[in-house]
Amino acid sequence: MGLGVNMSRIVYVNGEYVSEESAVISVFDRGFLMADAVYEVTSVLDGKLLEFDGHLKRLKRSLSELDMQEPDAINDLLEIHRTLVRDNQVDQGGVYLQVTRGVADRDFIYPENVKSTLVMFTQSKDILGSKLVEKGMKVISIDDLRWGRRDIKTVQLLYPSMGKMMAKSAKCDDAWMVEDGYVTEGTSNNAYIIKNGKIITRAKSFAILHGITRTSVLRFAKEAQMELEERNFSISEAIDADEAFITSASSFVTPVINIDGQNISDGSPGPMTQRLREIYLDESIKTAI
């Protein structure tokens, strides 16, 4: 369910709820000029927010790491999320939130004491019924050419967008990025393999985004007595794995069945991946708000 195709969304811009046609920011906003901004996307299922507290905590960390001022509405974000979900009649989808350093004349030097910009909007989409869950994803490997602080969720998404376009050109679903011979992550998700019953994924560092879904999936896996190992792995090791999958806020747990044209195992979604998705959805829906 969601707004009809001819109906305008209500979006939030710096304290005001306005129609999407009326939503504007300054041409001098540093998010527009310098990609000086961070963002979060919180998934919505049955009109409820999944893992909101985790997203808020990571948002505050991103702002702190960039020495960026928190928006005035930082303590009202849950209410704003709920208002947008309700007014836009979002049953499934997500709420996008972006904070920029604010408006100042273009300069590489950060402006001081400038009020940050806060923009939020909803997107209605079927995030449960992805065909990739049933058939599995095909990915390609590409060099990781992003900046070094991938742990900060900035809007610097040009290279990940190029990676997705490279995958599309190869008739694949996504790209796994590789640095110094090892997989970092997907273009918009964390990457995992399973070998001999053990879940393997890269440890948290500056090299990858500290995924909210990643944290929960690893916790649920541990509670289910599944074996975990946080370490680097290569593309060749991934191809030789028994299963592979990705996690993200909008795709939850989704199987990967082919890398660079080579099937993983028999080229179909594996049982541990499917079980992890079931556990994640069951547990996260219970705590949705």
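Keep in mind it's a predicted model, so treat the numbers as computed, not measured. (Residues numbered from 1 in each chain as written. Predicted model: local features only at pLDDT ≥ 70, side-chain atom pairs only at ≥ 80, totals over all residues. Heavy atoms only, no water.)

## Focus: the pairing of strand β1 (residues 10-13)
Logical step 1: Examined bridge by bridge, β1 and strand β2 (residues 16-19) share four bridges and lie antiparallel to one another. By the bridge assignment, I10 is partnered in β2 with S19.
Logical step 2: Hairpin connection of β1 to β2: two residues between the antiparallel strands, including N14 at a positive phi of 50 degrees. (Pairing = 2+ DSSP bridges. Helix = DSSP H or I, 4+ residues; strand = E, 2+ residues; numbered from the N terminus.)

## Structural notes on the pairing of strand β7 (residues 137-143)
Logical step 1: By the bridge criterion, three bridges tie β7 to strand β14 (residues 252-259) in an arrangement that is parallel. By the bridge assignment, V139 is partnered in β14 with I259.
Logical step 2: Note: β7 against strand β8 (residues 174-179), five bridges, orientation parallel. Bridge pairing in β8 links I140 to A175.

## Description of the packing of aromatic side chains
Logical step 1: Enumeration over the complete set of coordinates arrives at seven aromatic pairs.
Logical step 2: Consider the rings of Y39 and Y96, whose centres lie 5.6 Å apart with planes at 25 degrees: the pair is stacked. Taken together, the residues span a long stretch of sequence, with Y39 in strand β3 (residues 37-45) and Y96 in strand β5 (residues 92-100) at a distance of 57 residues.
Logical step 3: Each ring, one from F252 and one from Y280, has its centre 6.0 Å from the other, and the planes form 35 degrees; the classification is tilted. Note that F252 is positioned in strand β14 and Y280 in helix α8 (residues 271-286), a separation of 28 residues in sequence. This pair shows no difference in class: F252 is buried, exactly as Y280 is.
Logical step 4: Here the aromatic residues Y39, Y96 and F121 are joined through ring pairs into a cluster of three or more.
Logical step 5: Directly above the ring of Y110 sits R101, whose terminal nitrogen or CZ lies 3.7 Å from the centroid.
Logical step 6: Lying over the aromatic face of F206, R149 brings its terminal NZ or CZ to 3.8 Å of the ring centre. (Phe/Tyr/Trp six-rings, centres within 6.5 Å; stacked < 30°, edge-to-face > 60°. Buried < 20%, exposed > 50% of the residue type's maximum accessible area, 1.4 Å probe, protein only. Lys NZ or Arg CZ within 6 Å of the ring centre and 35° of its normal.)

## With respect to the nonpolar core
When a protein is soluble and globular, its nonpolar side chains tend to lie buried together.
Logical step 1: Judged by nonpolar contacts, the single largest core of 22 residues is most densely connected at L59, L77, V99, L118 and M120.
Logical step 2: At the level of elements, β3, α2 (52-65), α3 (77-87), β5 and β6 (117-124) are the ones that each hand at least two residues to this core.
Logical step 3: It is α3 that contributes the most residues to this core, four residues altogether.
Logical step 4: With near-sequence residues (within four places) excluded, L118 lies in contact with Y12, V13, N14, P71, A73, L77, L97, Q98 and V99. (Core = buried A, V, L, I, M, F, W, Y, C linked by side-chain atoms within 4.5 Å. Contact = heavy atoms within 4.5 Å.)

## Quick notes on the environment of D174
Logical step 1: Position of D174 relative to the elements: it lies in strand β8.
Logical step 2: For D174 and T187, which are 13 residues apart along the polypeptide, the C-alpha to C-alpha distance reads 6.9 Å.
Logical step 3: Contacts of D174, omitting those with residues within four sequence positions, involve M137, K138, V139, I140, K164, A167, G186, T187 and N189.
Logical step 4: At a separation of 2.5 Å, a polar atom in the side chain of D174 contacts the side chain of T187.
Logical step 5: A polar atom in the side chain of D174 sits 2.9 Å from the side chain of N189. (Polar contact = N/O pair within 3.5 Å; in protein donor to acceptor, adjacent residues only side chain to side chain.)

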